[in-house]
Amino acid sequence: VQLVESGGGLVQAGGSLRLSCAASGTTFRIFLMGWYRQAPGRPRELVADITSGGNKTNYRNSVKGRFTVSRDNAKNTMYLQMNSLEPEDTAVYYCNARGVIMETTKAFDSWGQGTQVTVSS
């Protein structure tokens, strides 16, 4: 399963960005999708994740109330709406998907290539 992120860029503090992550490949079923980020010199951290039905979401404390994760299963796409961005949000943002390949029933854990988000003060 391939994941392609888009929507990163440079924005001033207080601004907004919307990231997208599109999944493609052989027939699959995704159980959980998530956004992670990694700033220079720091470990990769979970930002938010969402279950297959979109009815359960989870956020790291520092983004609660500012970021919203959603998904469109018909398009196999996940989104991250980021509002009130802060310089501390600057990082490379990665998309992750976990599920199963229907033909083989083999589990997968895929990552996108990452998209840079830079917030200037």
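Scroll up a little and you will see the structure.
No experiment lies behind these values; they were computed from the predicted model shown.

*Asks:* I would appreciate a short explanation of the overall build of the protein chain in the present structure.
*Replies:* A count of helices and strands for the protein chain gives zero helices and 11 strands. Counting helices and strands in the order they occur from the N terminus, the protein chain gives β-β-β-β-β-β-β-β-β-β-β. Relative to the compact-globule value of 14 Å for 121 residues, the protein chain shows a C-alpha radius of gyration of 14 Å, a close match. With the C-alpha coordinates of the protein chain rotated into their principal frame, the extents come out at 50 × 30 × 20 Å. Counting the 121 residues in the protein chain, one finds 41% classified as buried. Intrachain contacts of the protein chain at a sequence separation of at least 6 include 54% that bridge at least 24 residues. Counting only carbon and sulfur atoms, one obtains 48% of the accessible surface of the protein chain, whose full area is about 6,400 Å².

*Asks:* Just to check I follow, could you spell out the state of the cysteines for this structure?
*Replies:* By definition, a disulfide links the sulfur atoms of two cysteines through a covalent bond. The tally for this structure, following the rule as stated, stands at one disulfide. The side chain of cysteine 21 participates in a disulfide bridge whose partner is cysteine 95; the two sulfur atoms lie 1.9 Å from each other. With the S-S bond torsion at -70°, the cross-link from cysteine 21 to cysteine 95 turns out left-handed. Here the residue cysteine 21 occupies a position in strand E3 (residues 17–24), and cysteine 95 occupies one in strand E9 (residues 91–101), the gap between them amounting to 74 residues. Across this residue pair, the class does not change: cysteine 21 and cysteine 95 are buried.

*Asks:* Just checking my understanding: could you explain the pairing of strand E7 (residues 67–72) for this structure?
*Replies:* Along a regular strand, successive side chains alternate from one face of the sheet to the other. Of the two faces of E7, the one holding Phe67, Val69 and Arg71 is buried and the one holding Thr68, Ser70 and Asp72 is not buried anywhere. As defined by bridge partners, E7 adjoins strand E8 (residues 77–82) across six bridges and the pair is classed as antiparallel. Bridge pairing links aspartate 72 to threonine 77 in E8. If you look at the hairpin formed by E7 and E8, you'll find four residues sitting between the two strands, and asparagine 76 has a positive phi there, around 50°.

*Asks:* Would you mind going over the pattern of salt bridges with me for this structure?
*Replies:* Any two side chains of opposite charge can pair, on the condition that their charged atoms come close. Enumeration over the complete set of coordinates arrives at six salt bridges. Ionic contacts of the salt-bridge type, sharing partners, join the residues Arg37, Glu45, Arg60, Arg66, Glu86 and Asp89 into one network.

*Asks:* How do you make sense of the packing of aromatic side chains when you look at a structure like this?
*Replies:* To describe a pair of aromatic rings, one takes the distance between the centres and the angle between the planes. By the definition in use, this model includes two aromatic pairs. Their ring planes at 80° and their centres at 6.2 Å tell us that phenylalanine 28 and phenylalanine 108 sit as a pair that is edge-to-face. Remark: phenylalanine 108 occurs in strand E10 (residues 106–111) and phenylalanine 28 occurs in strand E4 (residues 28–38); sequence separation between them is 80 residues. As far as burial versus exposure is concerned, phenylalanine 28 and phenylalanine 108 are alike and both buried. In this structure, arginine 44 packs its charged tip against the face of tyrosine 94, placed 3.7 Å from the ring centre. Geometry around tryptophan 111 places arginine 44 over its ring, the cationic atom sitting 4.7 Å from the centre.

*Asks:* Where do I start with the sheet that holds strand E1 (residues 2–6) in this structure?
*Replies:* Picture the strands of a sheet paired through backbone hydrogen bonds; they go either parallel or antiparallel. Spatially, E1-E3-E8-E7 is the arrangement adopted by the four strands of the open sheet, whose pairing is antiparallel. Each having just a single partner strand, E1 and E7 make up the two edges of the open sheet. Sheet twist, expressed as the mean angle between neighbouring strand axes with direction ignored, is 15°.

The rules we used
- Residues numbered from 1 in each chain as written.
- Predicted model: local features only at pLDDT ≥ 70, side-chain atom pairs only at ≥ 80, totals over all residues.
- Heavy atoms only, no water.
- Helix = DSSP H or I, 4+ residues; strand = E, 2+ residues; numbered from the N terminus.
- Rg over C-alpha atoms; globule rule 2.2 N^0.38 Å.
- Buried < 20%, exposed > 50% of the residue type's maximum accessible area, 1.4 Å probe, protein only.
- Contact = heavy atoms within 4.5 Å.
- Areas by Shrake-Rupley, 256 points an atom, 1.4 Å probe, with all protein chains shown as cover.
- Disulfide = S-S within 2.5 Å.
- Pairing = 2+ DSSP bridges.
- Salt bridge = Lys/Arg side-chain N within 4 Å of Asp/Glu carboxyl O.
- Phe/Tyr/Trp six-rings, centres within 6.5 Å; stacked < 30°, edge-to-face > 60°.
- Lys NZ or Arg CZ within 6 Å of the ring centre and 35° of its normal.
- Axes fitted to C-alpha atoms, helices over the stretch in contact; angles between N-to-C directions.

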